Each structure stands twice: as C-alpha cells, then as structure tokens.
Amino acid sequence: MADIAVENSRVAYKETARRSRVLTSFKIRDGVFRWLTFAAAITVLLILGGVIISLIQGSMPSIRAFGFKFVYTDVWNPVTDEYGALAAIYGTLVTSAIAMIIAVPVGIGIGIFLTELCPEILRRPIGIAIELLAGIPSIIYGIWGLFVFAPFLQAYVQPGLIKFFGPVPILSTLFAGPPYGIGMLTAGFILAIMVLPFIAAVSRDVFQTVPPLLKEAGRGIGCTTWEVVGRVIIPYTRVGLVGGVMLALGRALGETMAVTFVIGNADVIPRSLLSPGTTISAAIANEFTEAVGELYTSALIELSLILFVITFIVLAIARLMLMRLEQKVK
Amino acid sequence: MASYAARRRSNFVWLSLCWASTAFGLCFLIIILATLFWHGFGGLSLTVFTQPTRPPDEIGGLQNAIVGSLIMTVVGVAIGAPLGLLAGTYMAEYGRHSKLTFVVRFINDILLSAPSIVIGLFIYQVMVAPMHHFSGISGAVALAVIVVPVVVRTTEDMLLLVPGPLREAASALGLPRSTVVVRIAYRAARAGIITGILLAVARISGETAPLLFTALNNQFFSANLNTPMASLPAVIFQYAMNPSPVWHSLAWTGALIITLAVLALSIFARVFSSKGSAK
C-alpha cells in the first residue's frame, strides 16, 4: 500500500509540475497574443500618422518657397518653377460638386426604390447589381469614359447643351466653347456614376433603420407612399443620409484614375464646364513620375497634402454623423 | 393641403422617378459590362497570357502585367491581412470599450476611404525615395496599406457578432484567452473574416493610383520584388493613353480581365458569406 501511496504522490507531484508548466505557457501565449493585437491596433494609428508626417515633410520645400500663396494662385509652370494649387483645387471641387448634384438624388431614389417599392424577389439581385457597380475598378470607368462616354457626349449631348444655354446669361459661359468631349463636366459625370452605388447603399441601409411603426402610422392617417417617404422616412434618417453623402463626397474628391482619363489635364481654371481642366489627383498622377527638381516634386506632394486634409475633414464629418445615427438606433 | 388628385399625381411622379433612378444605375452597369465585352473579348487569346508586353508593331500580350499584378496582390494581402486581422481582434476582443478602440475605429474608417493616390505618395516618400528606385515590394506595401482598413473593419464587425456565451463557455473549460479567440471566436466568425479578405483582394486588384509611383511599370517580365514591376492597371493606363490602336485593343482586353476577376471575386465573397451565415 505504502509504495502505491508514494507512487501516487510522485505522480501528483509530476502532475503539479506539468500543470504549472502548462499554465505558464498559457500565460506567455496569452501575453504575446494580446501584445501582438495591441501592436497591430497601434499600427493603424501609425499609418495615418506616417501619412500626415511624410506628406508634410515632403511638401516643406514648397511650403517654404510659396507659403500660403500656394493655395490661392493658379500659376502652374514647371519651366519657371512657380506653382499654385488653385486650378487643381478648383477642378477637384467643381467635378465633385457636379458628381454630387447628379448622384445624390439618383442614389437616394435607388435607396427608396430598394426599401419601399421593389418587389421582394428583385430586392437582393438589384441590391447586388448596384454593389457590383461599386466594385468595378476606377480605371475601368476611366477607359470607358475616355473611349465610349466622352465621344458620345461630344457628339450628342454637348452641342445641345451649348445651343440650349447659349441665350441664358450666366449659364452661357458655363456651357460655352467647342465640345471637346473630355473636360470637367464629363469627369463630374463619371464620378457621379462611381459614387452612385455608395449613396444608394448607405441610403438603403439607413432607410431600413426606420421603425415600421412610424411608416404604418403615416399610412394610417392617409399619407401616400411619397408622403411617407418625404415626411417620415427622410426626416427620420436625415443625419445618416448626410453622413452617407459626405462619405461619397470623400470618395469623389480623392478619385484619381477615372478622372485622369477624362479631365483633359490642362493646368488652368477653365471658364466653361465643357473645357479641359485638372484636379489635384489627376495632376499628381500625370506629373509626379515626370517631375524633375525638388520644388516640382514638393509642390505635387503639397497638392496631395491639401487633398488629404480636405478629404480627412469631409470623412471625419461623415463618420461623426453616421455615429450619431447609430447611437439613435441603439 | 393639396387636393387628393394632386397628391396622387405627385406620388406617382416621384415614385416613377425612383424607378427611373434605379433603371439609370442598372443601365450603366450593363452598358459598361457590354462595352468591355464588345471591345475586349475579341482580343482574348492565349498570347495575351503567354507573351509579355511588346512595342505596338509586334504581337505582344499582357503576361508580365498579369504576373506582376498577381504577385503584388498576393504579397500585399499577405502583409496587410494579418495586420488587419490582429488589429480587428484587439478592438473586438480585448479593448472592446476602451478609448483606444474608439480612436482606432475612427481613424480606420477614414483610412478606408482615404484617396489611394495619397497612399501611393506616402509609400513613395517612405520606401521609394530612401531606396532610390521603384520596386515591386513598395507597390505591394502600398496595396497592403489599402488592405488593412478593409480587413480591420470586417474582422471587428464579425467578431462582435460572435455571441458572448460561446466565449464564456470556452473560458469556463479553462482555456486561455488567446485559445478562446483563435479556436472559438475566429472559427465562429470565419466566413465573415474570409469574405472581408476576399473583398480586400477585389479592391486592390484594380487599384492603379498607388502603383504609379511605387511599382511604376516594367516592359519586361520580372518576378523580382526589388525591381520595378508591371501591373495590369498600370499597363492599361499606359496603353489607353497611347494613340496606337493595337495597344488600345490590348488595354480593353486587360480591362475585361480585371473586371471579370474583380466581379467574380466579389460575387464569390457574397455567396461564401451567405453560405457561412446560413449555417
């Protein structure tokens, strides 16, 4: 008996030793894993910090040379090494504005269609089709815009616009000039098609957060479908809608390839929407690899810094608004 | 209030506009796909996949561009996906209610839609300029920076959907936290996480802007990550901007290949995720 007891206690001792070994290894593994995930989370912050710091550092020569003048002058002359960002900023803002004017109503319309009007069987396929439109790479929009859409606009739409707005005082300058096909308006239109799916998807998602009770109450007092949409659904989801639109605006501002193909790349502020212009991203994409000299490169990096600051502000507002909606849903 | 007939009329008009806007959106999807097939399908042949890019007067293909795109996408995902996965894990499993998580989520959401050309310039500044030459690896890193936020977002969302009692049950068995996360939470959220990675692959395989100043382009075949590397989008950009009709038709073919690959990936990801959630 005694030897069994001794044997048992030895086994027990072995067991405890093994147990403590396993527990330590658990502890180490836990610590390492936790530390790894923490480091990865910090890396996300570091990426953003790195982007900002490296852009500021890269644009220092240009900031020193031109100061604040960079933002409000529109000379862009690599020969005399003088640079001003106004033409590019103007192009970015105008093309994005055109895109928003077209895409916001259409996108919200699609959102309403998908949540309120669409027959149940078609809802998923149409939703997926719209999302596929968002998945098409931007270079495809670019090549399509250049070879298919711009010639179409040049031949059929722009002459009509020029003729139609010719007698109207202010609009005649906006729609003046020969129909080039490529230009600000075409770029804005391509951007509109690109951001359309984002607006449609966000508005569908926020419309789905409206409690059915509210909609039914609207119908109960005799509202038509449109009145329910206009007076119940849209007011209820206003914050989320604005957030979604800002998100799309952020995309439109920074979009590069699609715009580079169809903008025409003229470093001037065009009077007419039908004329070629440039945007911040198109200028960088076109000129950066060919830029010689420190100041030229630096001016292009400062352009991208400006672009980043603008989109950062727009996207931050978008996120804050969407967050407010989420809190409301909770 | 307007008369009943007028209200009915405006209801009809506005709802018709909603139908029309959906038709408008779908119309462009169909037109774009149709033109891609129209211009690109004819050029689709074996030489496209077996021959490298050549000057316009010789018969060339897109082989080096396709291989370059594949290499950079794979390396980009291999760098970006684990990083995103771990960061998402921290946010959902360890620091669920911490201030840091809130800040990281906010910053991540901004990175998610940050202009990709700015990311290209960032990598140019930190990798290409110090190395003094363009390289495939810097292209891959630029793509990885785009992968990270997509994976972080989906991983966090999917892990948050895993029910807490599942984790508690595993902890009650005495499993350490890391094992609970890897063996229980990851497994439960697997379909969603893989969908996120697939969507990230779809997103970067068409990206052009970040590659322009990092991987640049290469006329010749190169599988060396330390040299400039061709990629499909960059070659399409170069060819489409050139007046040669031979190059135009190759550009269309390349565009068709990318689009089909991206669409197939995103449809596959969706089917995969709906299958996973059905279980």
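Residues numbered from 1 in each chain as written. Chains lettered and ligands numbered in written order. Predicted model: local features only at pLDDT ≥ 70, side-chain atom pairs only at ≥ 80, totals over all residues. Heavy atoms only, no water.

A. Inspection of the overall build of chain A at higher detail. Scanning chain A from N- to C-terminus turns up 12 helices and 2 strands. Ordering the α and β elements of chain A from the N terminus gives α-α-β-β-α-α-α-α-α-α-α-α-α-α. Relative to the globule expectation of 20 Å for 330 residues, the C-alpha radius of gyration of chain A, 28 Å, shows a markedly less compact shape. Projected onto the principal axes, the alpha-carbon positions of chain A cover approximately 115 × 70 × 35 Å. Taken across its 330 residues, chain A has 50% of its residues classed as buried. Put simply, of all contacts in chain A between residues at least 6 apart along the chain, 74% involve residues at least 24 apart. With an accessible surface of roughly 15300 Å², chain A has 68% of that area assigned to carbon and sulfur atoms. Computed over 24 positive and 20 negative side-chain charges, the separation of the two mean positions in chain A equals 10 Å. (Helix = DSSP H or I, 4+ residues; strand = E, 2+ residues; numbered from the N terminus. Rg over C-alpha atoms; globule rule 2.2 N^0.38 Å. Buried < 20%, exposed > 50% of the residue type's maximum accessible area, 1.4 Å probe, protein only. Contact = heavy atoms within 4.5 Å. Areas by Shrake-Rupley, 256 points an atom, 1.4 Å probe, with all protein chains shown as cover. Lys, Arg positive; Asp, Glu negative; His and termini not counted. Charge placed at Lys NZ, Arg CZ, Asp CG, Glu CD.)

B. Representation of the overall build of chain B in the model. Secondary structure summary: chain B contains 12 helices and 0 strands in total. Summarising its shape, the C-alpha atoms of chain B cover approximately 70 × 70 × 35 Å along the three principal directions. Counting only residues that meet the buried cut, chain B has 53% of its 279 residues in that class. Residue pairs in contact within chain B that sit at least 24 positions apart in sequence constitute 74% of those at least 6 positions apart. Accessible area for chain B stands at about 12100 Å²; split by element, carbon and sulfur atoms hold 71% of it.

C. Just unusual backbone geometry, in detail. Residue and element names in this part refer to chain A. A positive phi angle, near 55 degrees, is found at Asp-81, a position not held by glycine. On the basis of relative accessibility, which here comes to 32%, the residue Asp-81 falls in the partly exposed class. Positive phi, normally seen in glycine, also occurs at Asn-265, with a value near 50 degrees. Topologically, Asn-265 is positioned in the loop between helix H10 (257-262) and helix H11 (280-287).

D. Up close: the interface of chain B and chain A. Every contact between the two is made by 84 residues of chain B and, on the other side, 82 residues of chain A. For the pair chain B and chain A, the summed buried area comes to about 7400 Å², and 81% of that belongs to carbon and sulfur atoms. Across the contact surface, chain B and chain A share 3 salt bridges. As a salt-bridge pair, Arg-7 of chain B and Glu-227 of chain A come within 2.8 Å of each other at their nearest N and O atoms. Linking chain B with chain A are 8 residue pairs in polar contact (both at pLDDT 80 or more). Ranked by residue count, the leading element in the side of chain B that touches chain A is helix H1 (residues 4-40) of chain B, at 19 residues. (Buried area = accessible area lost by both parts, 1.4 Å probe. Salt bridge = Lys/Arg side-chain N within 4 Å of Asp/Glu carboxyl O. Polar contact = N/O pair within 3.5 Å; in protein donor to acceptor, adjacent residues only side chain to side chain.)

E. Local environment of the layout of surface pockets. Put simply, the second largest pocket is a space of about 430 Å³. As for the second largest pocket, its lining consists of 20 residues, and the residues nearest its centre are Leu-212, Asn-217, Ala-234, Phe-237 and Gln-238 of chain B. Elements with a contribution of two residues or more to the lining of the second largest pocket: H11 of chain A together with helix H11 (232-240) of chain B. Broken down by element, the lining of the second largest pocket gets its largest block of residues, 5 residues, from H11 of chain B. Residue classes in the lining of the second largest pocket are distributed as 10 nonpolar, 8 polar and 2 charged. (1 Å grid on protein atoms, 1.4 Å probe; cavity = no way out; pocket = protein on both sides within 12 Å on 5 of 7 lines; lining within 4 Å. Points joined across faces, edges and corners; volume = space filled by probe spheres on them. Nonpolar A, V, L, I, M, F, W, Y, C, P; charged D, E, K, R; others polar.)

F. Representation of the packing of helix H7 (residues 184-207) of chain A against helix H9 (residues 225-254) of chain A within the structure. Residues and elements named next belong to chain A. Look at H7 against H9: their axes get within 9 Å of each other, and the N-to-C directions meet at 150 degrees. On the basis of the axis angle, H7 is roughly antiparallel to H9. Where H7 crosses over H9, the handedness of that crossing is right-handed. Listed contacts from H9 to Leu-191, Val-195, Phe-198, Ile-199, Val-202, Ser-203, Val-206 and Phe-207 of H7 are Ile-233, Ile-234, Thr-237, Gly-240, Leu-241, Gly-244, Leu-247, Ala-248, Arg-251 and Ala-252. When its residues are assigned to classes, the contact of H7 with H9 shows 13 nonpolar, 4 polar and 1 charged. (Axes fitted to C-alpha atoms, helices over the stretch in contact; angles between N-to-C directions. Parallel < 35°, antiparallel > 145°, perpendicular 65-115°, else oblique. Left-handed = near helix turned anticlockwise from the far one by under 90°.)

G. Inspection of the domain arrangement of chain A at higher detail. All names here are of chain A. Here chain A is described as being made up of domain 1 (1-66) and domain 2 (68-329). One C-alpha centre belongs to domain 1, the other to domain 2, and the line joining them spans 44 Å. Domain 1 puts 13 residues into the contact, and the matching count from domain 2 is 16 residues. A combined buried area of about 1100 Å² lies between domain 1 and domain 2, and 75% of that area is made up of carbon and sulfur atoms. Broken down residue by residue, the surface that domain 1 buries against domain 2 is led by Leu-55, Ser-62 and Phe-66, which jointly contribute 52%. Summed over the shared surface of domain 1 and domain 2, the result is 0 salt bridges. At the boundary of domain 1 and domain 2, one finds 6 residue pairs in polar contact (both at pLDDT 80 or more). Residue classes in the side of domain 1 that touches domain 2 are distributed as 10 nonpolar, 3 polar and no charged. (Domains from an automatic or database assignment.)

H. Local environment of a positive patch on the surface. On the surface, a cluster of positive charge is made up of Arg-29 of chain A together with Arg-183, Arg-187 and Arg-190 of chain B. Relative to the helices and strands, Arg-190 of chain B resides in helix H9 (residues 190-205). (Patch = residues over 30% accessible without salt bridge, like charges linked within 9 Å, V, L, I, M, F, W, Y side chains within 5 Å.)

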